[in-house]
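Read off the chains here:
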Amino acid sequence: MKTITVLGATGSIGTQTLDVVRKNRKDFHIAALTGGSNVKKMAELVIEFQPDYVVMKDEEKIKELEYLIPGEECQMLCGMEGLLRVSKLRGVNTVVAAMVGMIGLRPVIEAIRSGKDIALANKETLVTAGHIIMPLAKRHKVRILPVDSEHSAIFQSLHGEKRSQIETIFLTASGGPFRSYSREELEQVTVEQALAHPNWLMGPKITVDSATMINKGLEIIEAKWLFGVPLSKIHVVVQPQSIIHSMVGFRDGAVMAQLGTPDMRLPIQYALYYPKRVFLDGERLDFEKIAEIHFEKPNTDVLRGIPLAMEASRIGGTMPTVMNAANEYAVAKFLNKEIKFLQIYDMIEHAMKYHNRVGNPSLSEILEAEKETYARLDAEWRII
C-alpha cells in the first residue's frame, strides 16, 4: 500500500486524483488532504477517505469543517504552517502537488527535503523555481513525476530512451476555444466563453490560461526543467482533437508519441503507480472512427502567451516569477469581470517591463518578486 498526501484535494486535479484512489482503495492510504475554502467538499472527502490530517486555509474554515464532521478523528491544521507540516509526514511515499499558484512552492520544497516523490501538477513550482527544485530533487534522490497530460506524455515517450538523444520535444496544445479568433474578435470575448474549453474539464484559472495560451507557455518552461533541454528544442504544435498529448523526436528521425482520450486521470494514475500500469476505466480511442489527426501552427501573433513565457524564460532569474504572478493577478481580474481578455497580456507585459531582474534567485527572492508584482499591479492596473 502506498501512502500519499494530496495538496489541493478539493481542486480539479485533486478531485481526479481521489477518483483514482477511490477505484483502487486497496493500493492507497491517504495521510493528508489540503484545501482552501471549500469546506463542504472537504468534509465529504474526510468522511470518505479518513485522512490522518486535514489542512484548510485558516482557523475559521477549520471551525466550519469541525462543525460539519463532528467526531472525526483526523488532526486539523491551517495555513502555510499546516501545509509545511503535512508535506513532510513520516511514512508518506508520494506528495501530489495539485495546488494552483505559488502557494504550492514551499510545501513542494519541504516534501523533497523530506525524501518524498512528487506527483507534480503545480506549474508554478518549476516555472518560478526550476533552478532550485531539480537540483534539490537530485540531491535527495526524489522523483519528480509529471501529472500534466503533456509532460506525462513526454515522460512516457522517453521511457527507456536516453535524454541525450532528444532532437525535438513536440508539446501539443488543443489551441483552446479561440485558436482561430482575430484580435477584433478577442476584444469581445466574455468570461463565459473563455471558460468553455472544447476538450478538457479544468479549474477556471487553468481554463483561462489555456484560452490565452499562457498555459502552454508555462508548460514550455516546465519541460525545459523536467527534461533538461534548451528552449530551442521545444516546439509547440496545435492538435485540436487532444488525441496526441505530446511527442518526442530523436536524433535518428524517430518520433515517439503518447495518445489517448482527454482524461486527466490517466497521467495522474501513471504518476501514482509509476513504473507500473494498471487498469483505468473510461473511453478508449477508436481508430476506425478517427478520420484524421489534424495539426496547426499556434496563433502566437494574437494569442501571445507562448512568446511572453519564452521571453521570460530566456531572461531568466526572477522574470518567470513576475510573468507568472502578473498572469495570476490578471486572470483573477478577468474572472471577476474587471478587465477584458486582451488586457491579461497587457498586464503581464507591464509587470515584466518594469521589473528589476534578480539572477539565480533564492526562495525568499522569488517570493519577494511575486509580492512586488502584485503590489505594482494593485497600484497601476487601472492605467494599463
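Residues numbered from 1 in each chain as written. Predicted model: local features only at pLDDT ≥ 70, side-chain atom pairs only at ≥ 80, totals over all residues. Heavy atoms only, no water.

Asks: Could you clarify how one ought to interpret the overall build of the protein chain in this entry?
Replies: A tally of helices and strands in the protein chain yields 16 helices and eleven strands. In terms of overall dimensions, the protein chain is globule-like: its C-alpha atoms have a radius of gyration of 20 Å, near the 21 Å expected for 384 residues. Principal axes of the C-alpha set define a box for the protein chain whose edges measure 55 × 55 × 40 Å. Put simply, the protein chain has 384 residues, and 56% of those count as buried. Relative to all contacts within the protein chain whose residues are 6 or more apart in sequence, the contacts with residues 24 or more apart total 69%. As presented, the protein chain carries roughly 17200 Å² of accessible surface, and 50% of it is formed by carbon and sulfur atoms. Placing the 46 positive and 47 negative side-chain charges of the protein chain at their respective mean positions leaves the two points 5 Å apart. (Helix = DSSP H or I, 4+ residues; strand = E, 2+ residues; numbered from the N terminus. Rg over C-alpha atoms; globule rule 2.2 N^0.38 Å. Buried < 20%, exposed > 50% of the residue type's maximum accessible area, 1.4 Å probe, protein only. Contact = heavy atoms within 4.5 Å. Areas by Shrake-Rupley, 256 points an atom, 1.4 Å probe, with all protein chains shown as cover. Lys, Arg positive; Asp, Glu negative; His and termini not counted. Charge placed at Lys NZ, Arg CZ, Asp CG, Glu CD.)

Asks: Whenever I open this one, the sheet that holds strand S8 (residues 166-173) confuses me. Can you help?
Replies: Either a parallel or an antiparallel arrangement is found when strands of a sheet pair, and the pairing is made through backbone hydrogen bonds. Taking strand neighbours across the sheet as the criterion, the four strands line up as S9-S8-S10-S11 in an open arrangement whose pairing is mixed. The sheet is open, and its two borders are formed by strand S9 (234-238) and strand S11 (255-259), each paired with just one other strand. Taking the axes of each pair of neighbouring strands and ignoring which way they run, one obtains an average angle of 20° across the sheet. The pairing of S8 with strand S10 (residues 244-250) spans four bridges and is antiparallel. Directly across from Thr 168, in S10, lies its bridge partner Gly 249. (Pairing = 2+ DSSP bridges. Axes fitted to C-alpha atoms, helices over the stretch in contact; angles between N-to-C directions.)

Asks: In this structure, what is going on with the nonpolar core? I would like to understand it.
Replies: Looking at soluble globular proteins, one finds that nonpolar side chains tend to be buried together. Ile 118 and Phe 341 are the most contacted members of the largest nonpolar core, which totals 121 residues. With eight residues, helix H14 (residues 319-335) is the single largest residue contributor to this core. (Core = buried A, V, L, I, M, F, W, Y, C linked by side-chain atoms within 4.5 Å.)

Asks: Is there a simple way to think about a nonpolar patch on the surface in this case?
Replies: A surface patch of nonpolar side chains, about 350 Å² in accessible area, is lined by Leu 259, Phe 287, Ile 293 and Phe 295. Relative to the assigned elements, Ile 293 resides in the loop between helix H12 (265-273) and helix H13 (305-315). (Patch = residues over 30% accessible without salt bridge, like charges linked within 9 Å, V, L, I, M, F, W, Y side chains within 5 Å. Salt bridge = Lys/Arg side-chain N within 4 Å of Asp/Glu carboxyl O.)

Asks: Help me understand unusual backbone geometry, please; the structure alone is not making it clear to me.
Replies: Note: most peptide bonds trans; most residues except glycine with negative phi. For the peptide bond that leads from Tyr 274 to Pro 275, omega is 5°, which places it in the cis range. Relative to the helices and strands, Pro 275 is located in the loop between H12 and H13. Backbone geometry places Met 213, a non-glycine residue, at a positive phi of 70°. Looking at the secondary structure, you find Met 213 in the loop between helix H10 (204-212) and helix H11 (214-227).

Asks: Looking at this structure, I do not really get the packing of helix H2 (residues 39-49) against helix H3 (residues 59-68). What am I missing?
Replies: Relative placement of two packed helices is described by the angle separating their axes and the distance separating the axes. As a packed pair, H2 and H3 sit with axes 9 Å apart at the nearest point and diverge in direction by 50°. Classified by the angle between their axes, H2 and H3 sit oblique to one another. With respect to the hand of their crossing, H2 and H3 are arranged in right-handed fashion. In this structure, H2 uses Val 39, Lys 40, Met 42 and Ala 43 to contact H3, whose residues at the interface are Lys 61, Glu 64, Leu 65 and Leu 68. Broken down by class, the residue content of the contact of H2 with H3 amounts to five nonpolar, no polar and three charged. (Parallel < 35°, antiparallel > 145°, perpendicular 65-115°, else oblique. Left-handed = near helix turned anticlockwise from the far one by under 90°. Nonpolar A, V, L, I, M, F, W, Y, C, P; charged D, E, K, R; others polar.)

Asks: Which parts of the structure should I look at to understand the packing of aromatic side chains?
Replies: How two aromatic rings sit relative to each other is set out by the distance from centre to centre and by the angle between their planes. A full pass over the atoms with the stated rule returns nine aromatic pairs. Measuring from centroid to centroid gives 5.3 Å for Phe 28 and Tyr 273, while their planes differ by 75°, and the two rings are edge-to-face. Residue Phe 28 is found in strand S2 (residues 28-34), and its partner Tyr 273 is found in helix H12; the two are separated by 245 residues along the sequence. Tyr 273 carries the same exposure label as Phe 28, and that label is buried. Their ring planes at 65° and their centres at 5.6 Å tell us that Tyr 270 and Tyr 274 sit as a pair that is edge-to-face. In this structure Tyr 270 comes out as buried when scored by relative accessible area, which is 8%. Ring pairs connect the aromatic residues Phe 178, Tyr 181, Phe 334, Phe 341 and Tyr 345, which therefore count as one cluster. (Phe/Tyr/Trp six-rings, centres within 6.5 Å; stacked < 30°, edge-to-face > 60°.)

Asks: Which parts of the structure should I look at to understand the state of the cysteines?
Replies: Structurally, a disulfide amounts to a covalent bond that connects the sulfur atoms of two cysteines. Inspection of every chain in the model, using the stated rule, returns zero disulfides. Cys 78 supplies the cysteine sulfur nearest to Cys 74, a cysteine that is in no disulfide, at a spacing of 13 Å. On the basis of relative accessible area, Cys 74 is assigned to the buried category, the value being 13%. A relative accessible area of 25% means that Cys 78 is categorised as partly exposed. (Disulfide = S-S within 2.5 Å.)

Asks: It is not clear to me how the environment of Asn 324 should be interpreted in this structure. Could you clarify?
Replies: Looking at where Asn 324 falls in the secondary structure, it is placed in helix H14. Judged by its relative accessible area of 0%, Asn 324 falls in the buried class. Counting along the chain gives 247 residues from Asn 324 to Leu 77, while the straight-line C-alpha distance between them is 28 Å. If sequence neighbours within four positions are ignored, Asn 324 has contacts with Met 102, Glu 124, Val 127, Thr 128 and Leu 218.

Asks: Hey, could you run me through the pattern of salt bridges in this one?
Replies: Where charged atoms of side chains with opposite charge meet at close range, the side chains can pair. A complete count under the given rule lists 25 salt bridges for this structure. The residue Asp 19 makes a salt bridge to Lys 23 at a minimum N-O spacing of 2.9 Å. Taking relative accessible area as the criterion, Asp 19 reaches 16% and is therefore assigned buried. In this structure Lys 23 comes out as partly exposed when scored by relative accessible area, which is 44%. For Arg 265, the salt bridge goes to Asp 263, with nearest N and O atoms at 2.9 Å. For the pair Arg 265 and Asp 263, a shared accessibility class is recorded, and that class is buried. Members of the salt-bridge network, linked through shared partners, are Asp 19, Arg 22, Lys 23, Glu 48, Asp 263, Arg 265 and Asp 281.

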